[in-house]
Amino acid sequence: MSLPLPATTAAPAPAGLVTRLRAAGCVFAEDEARLLVSTARTPSDLAAMADRRIAGFPLEQVLGWAEFCGLRIAVDPGVFVPRRRTEFLVRQATALVRTRTRDAAGPRPVVVDLCCGTGAVGAALAAAVNGPAPSTSPVPPRIDLYATDIEPAAVRCARRNLRPAAGQVYEGDLYAPLPPALRGRVDLLVVNAPYVPTDAIGLLPPEARDHEPRVALDGGTDGLDVQRRVAADALRWLAPGGHLLIETSERQAPHTLEAFRRGGLVTRSAADDDLGATVAIGISPAGAP
């Protein structure tokens, strides 16, 4: 389940470390060893990190970061690790937000990242829209970014990752902790809610099953419980012409889109075969074609 993180230019890892990682089932043992060596501050740090990885902890939690959309995202122990396929969700969201930021004189688009986890989606979206950080004085962000998660550890992690984008992160269940003033004003709701069916949790790799929060994985009997709840309340939060984007699976997408329609949204979907990614898109009727 770990992401294929980029190779580092650090000195080669000790052969013994590579051997231990390979024996533990790490497919990219050489790359992982180099990343551990480049991240560890002391030999004792390296030993502790190697022991945790060999014990089955996700590489990103061991390193303390994951590469996502070209960013280094902080990943704390016990927090859901951002997946590579979710970069497609970010690309779809970025294209929509950019259409709303072309009018520099207009209000900044309001973006909400529900079930934010590390805040990777919001951080990557903000970076794509705002552009590279200036080397001199900072400039105001081009979006107003909000995020929520029910897991306290995820909220703490997301606050660190979204600080450069001036993102505000709230702890609570879906929309509940958001400021009421946002109702009817959200231009983009972007969501990577849990969508693994309960009976399939046991089939996940141990590093996800044992070391990521169950609430970030378990989507109920058919995997769509949280998605249905998001869709049911989306219209009251979306601005006219606003969009709801949810990552789902190819098999589940028709059911996700049906939940969108029941919530009053006009629907379409997008997919990326290379990443194995599917995104369900709902549009507030005021902005539907």
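Residues numbered from 1 in each chain as written. Predicted model: local features only at pLDDT ≥ 70, side-chain atom pairs only at ≥ 80, totals over all residues. Heavy atoms only, no water.

### A word on the environment of Pro141
Note that Pro141 resides in the loop between helix H6 (120–130) and strand E4 (144–149). You can call Pro141 partly exposed: its relative accessible area is 24%. Along the sequence, Pro141 and Ala127 sit 14 residues apart, while their C-alpha atoms lie 9.4 Å from each other. Among all residues touching Pro141, those that are not within four sequence positions of it are Arg108, Asn130, Ala165 and Ala166. (Helix = DSSP H or I, 4+ residues; strand = E, 2+ residues; numbered from the N terminus. Buried < 20%, exposed > 50% of the residue type's maximum accessible area, 1.4 Å probe, protein only. Contact = heavy atoms within 4.5 Å.)

### Here's the deal with helix H7 (residues 152–162)
Three or more residues of H7 are buried, namely Ala153, Ala154, Val155, Cys157, Ala158, Asn161 and Leu162. The inward-facing, buried residues of H7 abut strand E2 (71–74), H6, E4 and strand E5 (168–171).

### Observations regarding the pattern of salt bridges
Taken as a whole and judged by the stated rule, the model has 21 salt bridges. Notably, a salt bridge pairs Asp31 with Arg34, separated by 2.3 Å at the nearest N-O pair. Of the two residues, Asp31 and Arg34 are both situated in helix H2 (residues 29–39); the distance of 3 residues between them amounts to about one turn of the helix. What emerges from the salt-bridge pattern is a single network uniting Glu32, Arg53 and Glu207. (Salt bridge = Lys/Arg side-chain N within 4 Å of Asp/Glu carboxyl O.)

### Notes on the packing of aromatic side chains
For any pair of aromatic rings, the description rests on two quantities: the centre-to-centre distance and the angle between the ring planes. Tallying each qualifying case throughout the model produces 1 aromatic pair. Both rings, one in Tyr175 and one in Trp237, keep their centres 5.5 Å apart while their planes meet at 10 degrees; by these two values the pair is stacked. Of this pair, Tyr175 sits in the loop between E5 and strand E6 (186–191) while Trp237 is found in helix H9 (residues 225–237), placing the two residues 62 residues apart along the sequence. Take Tyr175: its relative accessible area is 6%, and that puts it in the buried class. Residue classification places Trp237 among the buried residues on the basis of a relative accessible area of 3%. Geometry around Phe57 places Arg52 over its ring, the cationic atom sitting 4.6 Å from the centre. The positively charged end of Arg72 is found above the aromatic ring belonging to Trp65, 3.7 Å away from the centroid. (Phe/Tyr/Trp six-rings, centres within 6.5 Å; stacked < 30°, edge-to-face > 60°. Lys NZ or Arg CZ within 6 Å of the ring centre and 35° of its normal.)

### Focus on the packing of helix H1 (residues 15–23) against helix H3 (residues 43–54)
Direction vectors running N to C along H1 and H3 enclose 20 degrees, while the axes themselves pass 9 Å from each other. The angle between the axes of H1 and H3 places the two elements in the roughly parallel class. Note on packing geometry: the crossing formed by H1 with H3 is right-handed. Of the residues in H3, those touching H1 at Leu17, Arg20 and Leu21 are Leu46, Ala50, Asp51, Arg53 and Ile54. (Axes fitted to C-alpha atoms, helices over the stretch in contact; angles between N-to-C directions. Parallel < 35°, antiparallel > 145°, perpendicular 65-115°, else oblique. Left-handed = near helix turned anticlockwise from the far one by under 90°.)

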